[in-house]
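Each chain is listed here by its residues.
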Amino acid sequence: MPDRSLVPPPGAPRVAAIDLGTNSVRLIVAEVDGPDSYQVLDDERAQTRLGFRLNETGRLDPERAEQTLEALERMQAIAEGFEVEELRAVGTAALRDAENGAAFVQAARERFGLEIEIISPEAEAELAMRSVRKHFPLGEGAAAIVDIGGGSMEVVFTTAGMINEVHSMPLGAVRLTERYVHSDPIDAIDWRRLRSGIDRELREHIGKPPFPTPTLIGSGGTFTAMGALAMHDRQGEVGSVQGYSMTTAEFQHQLRRLREAPIAMRRRFSGLNADRADIIVAGAAAISRLARRLDVSRILINDRGIRDGLLLEMISRQDPPGHGTGDRLDAARIFARKCRSNPRHTEHVASLAAQLFDTLHDALDERIDLASEDRELLMAAGLMHDVGYLIRHSGHHKHAYHLIRHSDLDGFTGYELELIANIVRYHRRAHPSKKHENWQRVRKQDRERVTQLAGILRLADGLDRTHAQTVQGVRVTGVDERCVELAVDADEDPWVEIGDARRKADLLEEAIGRRVVLRRDEAAVRPS
C-alpha cells in the first residue's frame, strides 16, 4: 500500500475511482501527470463479498450490504482527504443482478452522499479494454481481453487493438463457487459439474470464436492470484505481476495444485491471498475452459483492470492541452487507416455521400429533416464504412458496427459513435429492424434520420463500386411525388457504378418515399 506521507504537493488534478464488485470493494486515488498518465497516491481494498448467496436468493445479504456500505463510506472519506476533483464509483455484477441493488445505491446516496453508477457488462468490458490499450502493445494480431470478477466474466475479442465482439457471462468466481463447489477439496462430481456448467455458458454466449486468439490478457483477482502462484513457483518469490506472462500449461499446473488442496492448505500457498482461497478454483476453472475454447497459448496478467480504466476515462475527459482537440473527421480517418481501409475509396465515398446529402436536402427539404451535424456523422460513416474488412470480408458491415461503437474516437460522444456505427451497419444488406440489438440502441426519435443517412451512404458506396473514382459528382435534376432523378457526373461510362447504385437505392427509396432514378449527366461529359 502506498505511503500516504509521500503525497505530492498540491497543483496537479487528483481523481479517484471505486470498483464495487461481487467479492470486494477497491479504491484507487491518483494524481494526473499528463494525458493518459497518473501517479497512484493510495490503493485500498476491502473484501466484503457483497454477492454472498446472491445466486441463491436474488438479493443482497443485509449483513454484507452493511459491511460494504461502511467500507464505501471509509473509502469516500479517504478520497476526500486527498481533495480529489472527481470521485467515480461503479457497481458491477452484484448490483446489476440483485433485486435490491437500487435500494443499496439509494442507501449510499442518502447516508453519505456517494453516487454509485451501476454499469452495464459492456461498459465494464470497455473499461478493462481501455486499461489494456494503455499498458500492452496489442500490435496487429488478435487477442482476447478478459476481466473476471466475483459475479461475471467479460470477454472482448480484438484485432489490431480494435474491439470486434464483447461478451458477458455469469462466470464469476463467487457465483460459480456457490453454485457448483460443495466439497473440500473439490471432488470429481463437483469438478465435472463445474466444468460442464462453464462450458454450457461459453457455448451459449460465445459459440465459435470469431478468429484464433493465441494471446489472452486477463484482469481481476483470479488472474493476479494465478500469476502470483506461477511467479513464486518459477522465481521463488512474488513481486508485481503486471505484464507477467504464463503458458496455458503453467496455468493448468497451478489449477491442478489448487484443485487437489483443501481450502486450509490453499490459504498457506505463497502468492495467494487467504481470503481468495475458497473461490480460486472455480474462477481459475472458468479461465481454463475459456482458454481451451479459444485455443490460447499465452496468458498475460493485467493487474490494473477496471479501476485503471475508470481513471483513464476520467483523465481523458479533462482534455488537457493538445489532447482530444483534433478535427473529428481526422480522428475517423486515423481510425480507418488503423483498420487498413483503402483511403482513396473511403474518402471518395465520404465526398459523394456529402454531395448526396446536400443535393437531396435542398430538393427534398420537406421530406429529409437533417441538420448540419448529421452531415458530419454521415461523412465519418463514409470514411469508416469499410473498417470491418479488418476482421473479414463476409459480414464486414456487422464487424464495422462493433469496431466503430467501441472505438472511443476523439471528439465524438458515445451516442454519436452509436449512430455512426448504425449508419455503417446498414450501408449494405439488411435494412434496420426492431429485431436487431444494435437498432434497439438507437433512440426512437433518431431512427428515421439514421435510416436516411444509411440510405445515402449505401448509394454513395455503390457509386464507387470499382474503387476507381469514376464518378466525380452527383446532383438532383428532377423531383416529383413519385421519384427523384439523380445525374451522375463521370468522364468514362459509369455503367458499373450506376448499376450497383440502382441495386443499393432501396433503403434510400424507403426512407424518402420516392423511387430513385440514376443516369449519366451527359451535359457534364467532357470532350475527349
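Higher on the page you've got the structure.
The following paragraphs examine the structure supplied in this document. (Residues numbered from 1 in each chain as written. Predicted model: local features only at pLDDT ≥ 70, side-chain atom pairs only at ≥ 80, totals over all residues. Heavy atoms only, no water.)

### A look at helix H6 (residues 173–180)
In terms of burial, H6 is largely enclosed, as six of its eight residues are buried. Contacts made by the buried residues of H6 are with helix H1 (54–57), helix H3 (93–97), helix H7 (188–205), helix H8 (221–235) and helix H11 (280–294). (Buried < 20%, exposed > 50% of the residue type's maximum accessible area, 1.4 Å probe, protein only. Helix = DSSP H or I, 4+ residues; strand = E, 2+ residues; numbered from the N terminus. Contact = heavy atoms within 4.5 Å.)

### Remarks on helix H16 (residues 396–405)
In terms of residue burial, H16 counts as a mostly covered element, since eight of its 10 residues are buried. Buried within H16 are the following residues: His-396, His-397, His-399, Ala-400, Tyr-401, Leu-403, Ile-404 and Arg-405.

### Regarding the nonpolar core
Counting 115 residues, the largest nonpolar core has Met-153, Leu-360 and Leu-486 as its most contacted members. In terms of residue count, H11 provides more of this core than any other element does, 10 residues in total. Those residues in contact with Met-153 that lie beyond four places of it in its chain are Val-146, Asp-147, Ile-148, His-167, Ser-168, Met-169, Leu-171, Gly-172, Ala-286, Ile-287 and Leu-290. Counting residues in hydrophobic clusters, the runner-up holds 30 residues, among them Ala-16, Leu-54, Leu-72 and Phe-82. (Core = buried A, V, L, I, M, F, W, Y, C linked by side-chain atoms within 4.5 Å.)

### Let's talk about the environment of Arg-344
Structurally, Arg-344 is set in helix H14 (residues 343–363). With a relative accessible area of 59%, Arg-344 lands in the exposed category. Taking the C-alpha atoms as reference points, Arg-344 and Ala-94, separated by 250 residues in sequence, lie 49 Å from one another. A polar atom in the side chain of Arg-344 sits 3.0 Å from the side chain of Gln-469. (Polar contact = N/O pair within 3.5 Å; in protein donor to acceptor, adjacent residues only side chain to side chain.)

### Things to note about the pairing of strand S6 (residues 142–148)
Burial runs high along S6: six of the seven residues are buried. As defined by bridge partners, S6 adjoins strand S7 (residues 153–159) across seven bridges and the pair is classed as antiparallel. Bridging across to S7, Ile-145 finds its partner in Val-156. The hairpin turn running from S6 into S7, its antiparallel successor, is four residues long. Pairing geometry for S6 and strand S9 (residues 215–219), over five bridges, is parallel. Along S9, the bridge assignment pairs Ala-143 with Thr-215. (Pairing = 2+ DSSP bridges.)

### Some details on unusual backbone geometry
Along the chain, Asp-184 connects to Pro-185 via a cis peptide bond; the corresponding omega equals -5°. When you line up the elements, Pro-185 lands in the loop between H6 and H7. Its identity as a non-glycine residue notwithstanding, Ala-160 has a phi of 55°, on the positive side. Assignment of secondary structure puts Ala-160 in the loop between S7 and strand S8 (162–169).

### Looking at the environment of Arg-64
By the element assignment, Arg-64 lies in helix H2 (residues 62–81). By relative accessible area, Arg-64 is classed as partly exposed at 21%. Arg-64 sits 32 residues away from Val-32 along the chain, and the two C-alpha atoms are 34 Å apart. With near-sequence residues (within four places) excluded, Arg-64 lies in contact with Thr-48, Arg-49, Leu-50 and Phe-52.

### Remarks on the packing of aromatic side chains
Each aromatic ring pair is summarised here by two numbers: the centre-to-centre distance and the angle between the ring planes. On inspection of all chains with the given rule, the structure shows two aromatic pairs. For the pair Phe-157 and Phe-211, a centre-to-centre distance of 6.1 Å together with 90° between the ring planes defines the contact as edge-to-face. In this pair, Phe-157 sits in strand S7 while Phe-211 sits in the loop between H7 and S9, placing the two residues 54 residues apart along the sequence. Here Phe-157 matches Phe-211 in class, with each residue buried. Aromatic pair Tyr-426 and Trp-439: ring centres 5.5 Å apart, planes at 90°, arrangement edge-to-face. In this pair, Tyr-426 is assigned in the loop between helix H17 (414–425) and helix H18 (437–440) and Trp-439 in helix H18, connecting sequence segments 13 residues apart. Note on Trp-439: relative accessible area 6%, which makes it buried. The residue whose ring lies beneath Arg-64 is Phe-52, and the NZ or CZ to ring-centre distance is 4.3 Å. Just above the ring of Phe-269 sits the side chain of Arg-257; from NZ or CZ to the centre is 4.4 Å. (Phe/Tyr/Trp six-rings, centres within 6.5 Å; stacked < 30°, edge-to-face > 60°. Lys NZ or Arg CZ within 6 Å of the ring centre and 35° of its normal.)

### Digging into a positive patch on the surface
Positive charge collects at one region of the surface, where Arg-192, Arg-193, Arg-195 and Arg-292 lie side by side. For the positive patch, the element with the highest residue contribution is H7, accounting for three residues. By the element assignment, Arg-195 lies in helix H7. (Patch = residues over 30% accessible without salt bridge, like charges linked within 9 Å, V, L, I, M, F, W, Y side chains within 5 Å. Areas by Shrake-Rupley, 256 points an atom, 1.4 Å probe, with all protein chains shown as cover. Salt bridge = Lys/Arg side-chain N within 4 Å of Asp/Glu carboxyl O. Lys, Arg positive; Asp, Glu negative; His and termini not counted. Charge placed at Lys NZ, Arg CZ, Asp CG, Glu CD.)

### Notes on the packing of helix H13 (residues 328–338) against helix H15 (residues 372–384)
Following both chains from N to C, one finds H13 and H15 inclined at 15°, their axes separated by 8 Å at the closest point. Taken together, the axes of H13 and H15 lie roughly parallel to each other. In the packing of H13 onto H15, the handedness of the crossing is right-handed. Touching Arg-328, Leu-329, Ala-332, Arg-333, Phe-335 and Ala-336 of H13 are Glu-376, Leu-377, Met-379, Ala-380, Leu-383 and Met-384, all from H15. For the contact of H13 with H15, the class distribution of residues is nine nonpolar, no polar and three charged. (Axes fitted to C-alpha atoms, helices over the stretch in contact; angles between N-to-C directions. Parallel < 35°, antiparallel > 145°, perpendicular 65-115°, else oblique. Left-handed = near helix turned anticlockwise from the far one by under 90°. Nonpolar A, V, L, I, M, F, W, Y, C, P; charged D, E, K, R; others polar.)

### Examining the layout of surface pockets
Counted as a void, the second largest pocket has a volume near 1,000 Å³. Considering the residues around the second largest pocket, the lining is formed by 44 residues, among which Arg-26, Gly-220, Gly-221, Thr-224 and Asp-303 are closest to the centre. At the level of elements, strand S2 (25–34), strand S3 (37–46), S6, H8 and helix H12 (305–318) are the ones that each hand at least two residues to the lining of the second largest pocket. Examining the composition of the lining of the second largest pocket, we find that five residues originate from one element, H8, more than from any other. Counted by class, the lining of the second largest pocket contains 12 nonpolar, 21 polar and 11 charged residues. (1 Å grid on protein atoms, 1.4 Å probe; cavity = no way out; pocket = protein on both sides within 12 Å on 5 of 7 lines; lining within 4 Å. Points joined across faces, edges and corners; volume = space filled by probe spheres on them.)

### What about the packing of H14 against helix H19 (residues 447–462)?
Running from N to C, H14 and H19 point in directions that differ by 125°, and their axes come no closer than 8 Å. The angle between H14 and H19 places the two elements in the oblique class. As H14 runs across H19, the sense of the crossing is right-handed. Counting all contacts with H14, which are made through His-345, Val-349, Leu-352, Ala-353, Leu-356, Phe-357 and Leu-360, the residues of H19 involved are Leu-453, Ile-456, Leu-457, Leu-459, Ala-460 and Asp-461. For the contact of H14 with H19, a count of residues per class yields 11 nonpolar, one polar and one charged.

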